[in-house]
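Residue-level listing of the chains:
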Amino acid sequence: MTMTFLRNSIVITALAYAACSGPPTTTSAPHDAAVQDAGPIADSMPIKPDGSADFSIDMGRSQIDLSIGTEMFAVDSCELDPSEQCVGAAGERSVLRFSVETINLGDADISLGPPGDNPNYEFSQCHGHFHFRGYASYRLLGESGTEVLVGRKQAFCLVDSEPYTDEAATERTYSCQNQGLSAGWADVYAADLPCQFLDITDIADGEYTLEVAVNPDGLLGEHDPTNNLGSIAIRIGDPHLETPTEACPSVAPRYLDRIQRECDWDFVGNFDCIPGTQTGAGCSQSCGVGSCEGNAMIRVCDAASVNCTSGNALGSNDNRCGSACPLASGFLCPESGQLAVYAAASEHGHPYECNVAIRAGPISP
Ligand SMILES: [Zn+2]
């Protein structure tokens, strides 16, 4: 089955992207109004003594990458590990996923150094690397401003994901092995990462505010602690949050050229596969699976699931096999034997074609 999509051309610059994490797992799950105790935190982090670093948040990315989806969490999934406690229980959960983009708007770097034996770090089972404790916190507020879901303290691997201000250095300095955030750089935690969500299974439909705080306890010295909160209005029960095919709002391209975006995807169709077998879905001639024109990206879900989000996708891909054409693989065909395949312009608004093919068995590279 093939399908072609053509869209009006808009000039957009694709931005390089690096998230602080290992590859997203294909599982994901919920969280039961549980409060995670981040444990004792040592003070005196090795930051620049002049305090001229300044954390802030850009909620634009949270808005674009926002989704509500149903995800399954096995009893032994890392999300249920005591060190993570991202979900309240195993099984099927409803999760609110969002990306978080924190920025250093100050003149000085935040430099935390390598994890080593530093008690401010904890090892994340889900991400497979060390996180700085209590870097951010998330919570959900009801219409009257009351807290309905207490945010976990979210630990981060603090890294330079991408330059944010015009003054930002061109070279990336910090990584998970030497954590920090350069002046003018942003750290992006993408919505499809393990635990990058709130478990809203027990939350009634209605109007809410999602609030994100960076450096909520002031553990890291900074110039201005008054710009550390970001919030967005959310309607739980809004069907648009459960499908990636509605139109994107008019926002800066930097928010849209991402595989985690939850808008302006095209539904290509449902495809058969053999349950339990390694399967790939792509539109990449150089990968030998389908063909594409322009710069396409692909997302594959179990057709039996009611929604398809970056978090519950079986696989997704942007560029692979040395071309701009995508191939998602390394996942098992679900019990339903049906894949729901979505495609989108990787450079938002540009024309593209994605002629999808399905391939059973392992695919290399
Ligand atoms: Zn991480």
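Note that this is a predicted model, so its numbers are computed, not measured.

Cut-offs and rules
- Residues numbered from 1 in each chain as written.
- Predicted model: local features only at pLDDT ≥ 70, side-chain atom pairs only at ≥ 80, totals over all residues.
- Helix = DSSP H or I, 4+ residues; strand = E, 2+ residues; numbered from the N terminus.
- Buried ≥ 20, exposed ≤ 12 C-beta atoms within 10 Å, placed from the backbone.
- Contact = placed C-beta atoms within 7 Å.
- Pairing = 2+ DSSP bridges.
- Axes fitted to C-alpha atoms, helices over the stretch in contact; angles between N-to-C directions.
- Core = buried A, V, L, I, M, F, W, Y, C linked by C-beta atoms within 7 Å.
- pLDDT = per-residue confidence, 0-100.

K.L.:
Sorry, what's going on with the overall build of the protein chain here?
P.N.:
When helices and strands are tallied, the protein chain shows one helix and 25 strands. Going through the 365 residues of the protein chain one by one, you find that 49% of them count as buried. Considering only contacts in the protein chain between residues 6 or more positions apart, those separated by 24 or more positions represent 76%.

K.L.:
What is the right way to look at the sheet that holds strand β14 (residues 197-199) in this model?
P.N.:
Neighbouring strands of a sheet are bound in pairs by backbone hydrogen bonds; such pairs are parallel or else antiparallel. As summarised here, the arrangement of the three strands in space is β3-β4-β14, forming an open sheet in which the pairing is antiparallel. Looking along the sheet, the strands with just one partner apiece sit at the ends: β3 (67-73) and β14. Going across the sheet, the axis of each strand differs from the next one's by a mean of 40°, ignoring polarity. Across seven bridges, β3 lies against strand β4 (residues 91-97) in antiparallel orientation.

K.L.:
Explain the nonpolar core to me, please; I cannot follow it from the model alone.
P.N.:
Soluble globular proteins tend to pack their nonpolar side chains together in the buried interior. Formed by 55 residues in total, the largest nonpolar core has its most connected members in Ala 136, Phe 156, Leu 158 and Leu 198. No other element matches strand β8 (residues 129-141), which puts six residues into this core. Setting aside residues up to four positions removed in sequence, Ala 136 forms contacts with Val 100, Thr 102, Gln 154, Phe 156, Val 212, Ala 213, Val 214 and Pro 216. In this structure, Ala 281, Val 289, Ala 324 and Cys 325 belong to the second largest nonpolar core, which totals 34 residues.

K.L.:
Teacher, can you tell me more about the pairing of strand β7 (residues 121-124) here?
P.N.:
Regular strands show a simple pattern: their side chains alternate between the two faces of the sheet. Pairing geometry for β7 and β8, over four bridges, is antiparallel. Its bridge partner being in β8, Glu 122 is matched across the sheet by His 131.

K.L.:
What's the story with the environment of Pro 239 in this structure? I'm lost.
P.N.:
Here Pro 239 is to be found in the loop between β16 (229-236) and β17 (266-272). Using a count of 10 C-beta atoms within 10 Å as the deciding quantity, one classes Pro 239 as exposed. C-alpha separation for the pair Pro 239 and Ile 68, spaced 171 residues apart in sequence, amounts to 8.7 Å.

K.L.:
Would you mind going over unusual backbone geometry with me for this structure?
P.N.:
In most cases, non-glycine residues show a negative phi, while peptide bonds are predominantly trans. At Cys 195, a residue that is not glycine, the phi angle is positive and equals roughly 70°. Mapped onto the secondary structure, Cys 195 falls in the loop between β13 (185-189) and β14. The phi dihedral of Asn 215 falls on the positive side, at around 50°, and the residue is not glycine. Tracing the backbone through its elements, the reader meets Asn 215 in the loop between β15 (206-214) and β16. In this structure Asn 215 comes out as buried when scored by C-beta crowding, with 22 C-beta atoms within 10 Å.

K.L.:
Honestly, the environment of Pro 362 in this entry has me stumped. Any pointers?
P.N.:
As for its position among the elements, Pro 362 is in the segment after β25 (357-360). Note on Pro 362: 11 C-beta atoms within 10 Å, which makes it exposed. The spacing of Pro 362 and Gly 330 is 32 residues in sequence and 6.9 Å in space, taken between C-alpha atoms.

K.L.:
What should I look at first to understand the sheet that holds β25 in this one?
P.N.:
Spatially, three strands are ordered β22-β18-β25 in an open sheet, and the strand pairing comes out antiparallel. Edge positions in the sheet fall to β22 (327-332) and β25, since each of these pairs with one other strand and no more. Strand-to-strand twist of the sheet, defined as the mean angle between neighbouring strand axes without regard to direction, takes the value 20°. For strand β18 (residues 278-282) and β25, the ladder comprises four bridges, and the chain directions are antiparallel. The residue bridging Gly 280 from the neighbouring strand is Arg 359, located in β25.

K.L.:
For this particular structure, what's the right way to read the confidence of the model for the protein chain?
P.N.:
Close inspection of predicted coordinates is inappropriate in any region flagged by low pLDDT. Within the protein chain, residue pLDDT values average 84, and 86% of them lie at 70 or more. By mean pLDDT, strand β1 (residues 3-5) is the weakest element of the protein chain at 37, and strand β23 (residues 338-345) is the strongest at 98. Confidence drops under a pLDDT of 50 for residues 1-49, and excluding neighbours within four residues, the segment shows 138 contacts in the predicted structure.

K.L.:
Looking at this structure, I do not really get the environment of Gly 69. What am I missing?
P.N.:
Within the fold, Gly 69 resides in strand β3. You can call Gly 69 buried: it has 26 C-beta atoms within 10 Å. Discounting chain neighbours no more than four positions away, the residues touching Gly 69 are Val 95, Arg 97, Glu 242, Asn 307, Thr 309, Gly 311 and Asn 312.

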